[in-house]
Amino acid sequence: LNDLETLREVRAPAGFVDAVLRRCGLVDRYALCESPLGSVYVAASDDGITAVMQAADDAAFVAAYRERFGRKVERRDDLRGPLSRALAGEDARVDLRGCNPFQRAVLDVTRRIPEGTIRPYAWIAREIGKPGAVRAVGTALAKNPVPLVIPCHRVVRSDGSCGEYAFGAPLKVSLLQGENVDLGEVRARMSERDVFWSGEDDESYCYPFCFAARPFRPESIRKFHGIAEAHAHGLTPCPTCHPPLAA
Ligand SMILES: [Zn+2]
């Protein structure tokens, strides 16, 4: 018993707590990586990418990370390569443990939006089966913990205007321009209500914004006013942008 009493006075060696936390997966790792937005801090846990953040310096990032995720994070320059590749779009696991099921659903759909393509907030809401939740989709995307890895900058308002961005609206515009998205063209297309497009030889009809993803000649586009008209031409809904079926 005396021996147990004295244990109370034994101090853990320096670094002991950190080593235990690391074993428990409570210490994440980060590196400073280059991105189209300049240098950003990218962090990961054992389960995947946890955060992409801008910060004035390492100390500010570590503090902001702890504040937002409640975990310690330590710099690991040897992870710069893989974390940079995840930023550049290489398939990487993401750790969204702080997100609720709604946010995860929004982020899962957003992750599949190809480069150079946009989708409206309302489209995401329909895709996750919650067509009335457009505003909540916007909020979920504004809180995206891993911008660029999950390209929330490709989601815009239904009138084709940009909307908010985790790193500020001006950076959203420049990211889209960097992907050759013509925002004027997007606005023009999306201003037409209830119009569906199809290419000359296509067997399916699309939302007009879907066309940004594939090469087409403007003169070969067929426009349909309403789904019934597209359906009357024997066309089926596009498997990528999922426009509604004719009733
Ligand atoms: Zn389509």
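What comes next concerns the included structure.

Description of the coordination of the zinc ion
Next up, step 1: Surrounding the zinc ion are the protein donor atoms Cys206 (SG), Cys210 (SG), Cys238 (SG) and Cys241 (SG), which sit 2.3 to 2.4 Å from the metal.
Next up, step 2: Taken together, the four donor atoms coordinating the zinc ion and their angles of 99 to 121° define a geometry best described as tetrahedral.
Next up, step 3: Positions of the donor residues of the zinc ion along the chain correspond to the pattern C-x3-C-x27-C-x2-C. Placement of the pair is cysteine 210 in the loop between β8 (204-205) and β9 (222-225) and cysteine 238 in the segment after β10 (236-237), with a sequence separation of 28 residues. The pair formed by cysteine 210 and cysteine 238 is uniform in burial state, with each residue classed as buried.

Some remarks on the environment of glycine 98
Next up, step 1: Along the chain, the position of glycine 98 falls in the loop between α4 (80-87) and α5 (101-111).
Next up, step 2: We classify glycine 98 as exposed; its relative accessible area is 73%.
Next up, step 3: For glycine 98 and threonine 50, which are 48 residues apart along the polypeptide, the C-alpha to C-alpha distance reads 9.2 Å.

Describing α5
Next up, step 1: Along α5, the residues classified as buried are Gln103, Val106, Leu107, Val109 and Thr110. Across the axial projection of α5, the buried residues extend over an arc of 160°, all falling on one side.
Next up, step 2: The elements touched by buried residues of α5 are α6 (121-127), α7 (134-142) and β6 (155-156).
Next up, step 3: Looking at where α5 begins, the residue whose side-chain oxygen comes 3.1 Å from the main-chain nitrogen of phenylalanine 102 is asparagine 100.

Some remarks on the packing of aromatic side chains
Next up, step 1: Counted under the stated rule, the structure contains nine aromatic pairs.
Next up, step 2: Through a chain of ring-to-ring contacts, three or more aromatic side chains come together here, namely Tyr30, Tyr41, Phe61, Tyr65 and Phe69.
Next up, step 3: Cation over ring: arginine 119 sits above tryptophan 123, and NZ or CZ is 4.7 Å from the ring centre.

With respect to the pattern of salt bridges
Next up, step 1: By the definition in use, this model includes eleven salt bridges.
Next up, step 2: Between aspartate 28 and arginine 71 there is a salt bridge whose closest N-O contact spans 2.8 Å. Linking aspartate 28 in strand β1 (residues 27-35) with arginine 71 in the loop between α3 (58-69) and β4 (72-75), this pair joins segments that are 43 residues apart in sequence. Each of the two residues, aspartate 28 as well as arginine 71, counts as buried.

Here is what the cut-offs are and how they apply
Residues numbered from 1 in each chain as written. Predicted model: local features only at pLDDT ≥ 70, side-chain atom pairs only at ≥ 80, totals over all residues. Heavy atoms only, no water. Donors = N, O, S within 2.8 Å, 3.2 Å for Na, K, Ca; no water. Tetrahedral: all angles 85-135°; square planar, octahedral: opposite > 155°, others 65-115°. Helix = DSSP H or I, 4+ residues; strand = E, 2+ residues; numbered from the N terminus. Buried < 20%, exposed > 50% of the residue type's maximum accessible area, 1.4 Å probe, protein only. Arc of directions from axis to C-beta. Contact = heavy atoms within 4.5 Å. Polar contact = N/O pair within 3.5 Å; in protein donor to acceptor, adjacent residues only side chain to side chain. Phe/Tyr/Trp six-rings, centres within 6.5 Å; stacked < 30°, edge-to-face > 60°. Lys NZ or Arg CZ within 6 Å of the ring centre and 35° of its normal. Salt bridge = Lys/Arg side-chain N within 4 Å of Asp/Glu carboxyl O.

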